Amino acid sequence: MSKLRSLDLDLDVIKAVDGGSSVMVNALDLQSFILRARVLKLYRQALKIAHRAPPEARGELKQSIRQEMEKNSECKDKQKIRYLISEGLERIKQLDEMLDMQGH
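Every value quoted in this text rests on a predicted model; they were computed, and no experiment measured them. Per chain, the residues get numbers from 1 upward, laid out in the order the sequence is written. Local features are withheld for residues below a pLDDT of 70 in this predicted model, meaning they are given only at 70 or higher, and side-chain atom pairs are given and counted only at 80 or more; totals for whole chains, interfaces and linings count all residues. Excluded from the side-chain calculation are hydrogens and water; included are all heavy atoms of the structure.

Participant: Sorry if this is basic, but what is going on with the overall build of the protein here?
Facilitator: The number of helices and strands found in the protein is four helices and zero strands. Here a strand is any run of E in DSSP of at least two residues, a helix any run of H or I of at least four, and the numbering for each starts at the N terminus. For the protein, the N- to C-terminal ordering of α and β elements is α-α-α-α. Contacts were defined at the residue level, with two residues in contact if any of their heavy atoms lie within 4.5 Å. Counting only contacts in the protein whose residues sit at least 6 apart along the sequence, the fraction spanning at least 24 positions is 63%. When the accessible surface of the protein is split by element, carbon and sulfur atoms take 57% of a total near 8,500 Å². Surface accessibility in these figures is a Shrake-Rupley result with a 1.4 Å probe; residues are shielded only by whichever protein chains are displayed.

Participant: What's the story with the pattern of salt bridges in this structure? I'm lost.
Facilitator: Two side chains bearing opposite charge may form a pair once their charged atoms approach each other closely. A pair is scored as a salt bridge if a Lys or Arg side-chain nitrogen falls within 4 Å of a carboxyl oxygen belonging to Asp or Glu. In this structure the tally under the stated criterion is six salt bridges. Taking the shortest distance from any N to any O, the salt bridge between Glu68 and Lys71 comes out at 3.4 Å. Of this pair, Glu68 and Lys71 both sit in helix H3 (residues 55-71), three residues apart, roughly one helical turn. Three exposure classes are used, based on accessible area relative to the maximum for each residue type with a 1.4 Å probe and protein chains only: buried under 20%, partly exposed in between, and exposed over 50%. Looking at Glu68, the relative accessible area reads 30%, which means it is partly exposed. A relative accessible area of 59% means that Lys71 is categorised as exposed. Several salt bridges share partner residues, and in doing so they unite Arg52, Asp96 and Asp100 into one network.

Participant: Would you mind showing me how to read the layout of surface pockets here?
Facilitator: Any empty space left between the atoms is revealed when a probe the size of a water molecule rolls over them. Of the pockets and cavities examined, the largest pocket occupies roughly 1,000 Å³. Think of a 1 Å grid over the protein atoms and nothing else: a 1.4 Å probe that fits but is trapped marks a cavity, an open set flanked by protein within 12 Å on at least five of seven lines marks a pocket, and residues with an atom within 4 Å of a point count as lining. Along the walls of the largest pocket sit 30 residues, with Val39, Glu68, Met69, Asn72 and Ser73 positioned nearest its centre. Counting only elements with at least two residues in the lining of the largest pocket, the list comes to helix H2 (30-50), H3 and helix H4 (78-102). If one sorts the elements of the lining of the largest pocket by residue count, H4 sits on top with ten residues. The residue makeup of the lining of the largest pocket, split by class, is 16 nonpolar, seven polar and seven charged. Grid points are joined across faces, edges and corners, and a volume is the space filled by probe spheres set on the points. We call Asp, Glu, Lys and Arg charged. Ala, Val, Leu, Ile, Met, Phe, Trp, Tyr, Cys and Pro are nonpolar, and the rest, Gly among them, are polar.

Participant: Would you explain the environment of Lys62 in this entry?
Facilitator: Within the secondary structure, Lys62 sits in helix H3. Residue Lys62 is classed as partly exposed on the basis of its relative accessible area of 31%. Residues Lys62 and His51, eleven residues apart in the sequence, show an inter-C-alpha distance of 8.1 Å. Residues within four places of Lys62 in sequence aside, it is in contact with Leu47, Ala50 and His51.

Participant: Explanation requested: a nonpolar patch on the surface in the structure shown.
Facilitator: Think of a patch as exposed residues, more than 30% relative accessible area, with no salt bridge, where like charges cluster within 9 Å and nonpolar side chains (Val, Leu, Ile, Met, Phe, Trp, Tyr) cluster within 5 Å. Residues Leu28, Leu30, Phe33 and Ile34 make up a contiguous nonpolar surface patch of about 420 Å² in total accessible area. Along the polypeptide, Leu28 turns up in the loop between helix H1 (3-17) and H2. For Leu28, a relative accessible area of 46% puts it in the partly exposed group.

Participant: What exactly am I supposed to notice about the packing of H2 against H3 here?
Facilitator: To describe two helices that pack against each other, one gives the angle between their axes and the distance between the axes. It is the contact of H2 with H3, at a shortest axis distance of 9 Å, that shows an interaxial angle of 165°. By the angle between their axes, H2 is roughly antiparallel relative to H3. In terms of crossing hand, the pair formed by H2 and H3 is right-handed. Between H2 and H3, the residues in contact are Val39, Tyr43, Ala46, Leu47 and Ala50 and Arg58, Leu61, Lys62, Ile65, Arg66 and Met69, respectively. Taken together, the residues of the contact of H2 with H3 break down into eight nonpolar, no polar and three charged. Each axis is a line fitted through C-alpha atoms, and for a helix only the stretch in contact is used; angles between axes span 0 to 180 degrees, taken between their N-to-C directions. When an angle is under 35 degrees it counts as roughly parallel; over 145 it counts as roughly antiparallel; between 65 and 115 it counts as roughly perpendicular; any other value is oblique. Each helix crossing is assigned a hand: it is left-handed if the near helix lies turned anticlockwise from the far helix by less than a right angle, otherwise right-handed if that turn is clockwise.

Printed below as a string of structure tokens:
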């Protein structure tokens, strides 16, 4: 079977699975992609620092980090996202310094 025919069959299968409509890929523009990567990096950093907290406070701290991220997950305004990232970086810097002072 030729490659063209195989591709045509693959498209028919996709249309059948999708109910006959064309499949749309939700692609991000470059700025959105970079912002998303920065948000994920911030989240990982916050969880890493939270892991240094005393065990009795760790769970609550991780939960509050997650809630804060979920609260802003629907934000599409790039300027606001940049602001939230800078605020988040400042907050985890303060948390890191506080944990250092406490010896954790």
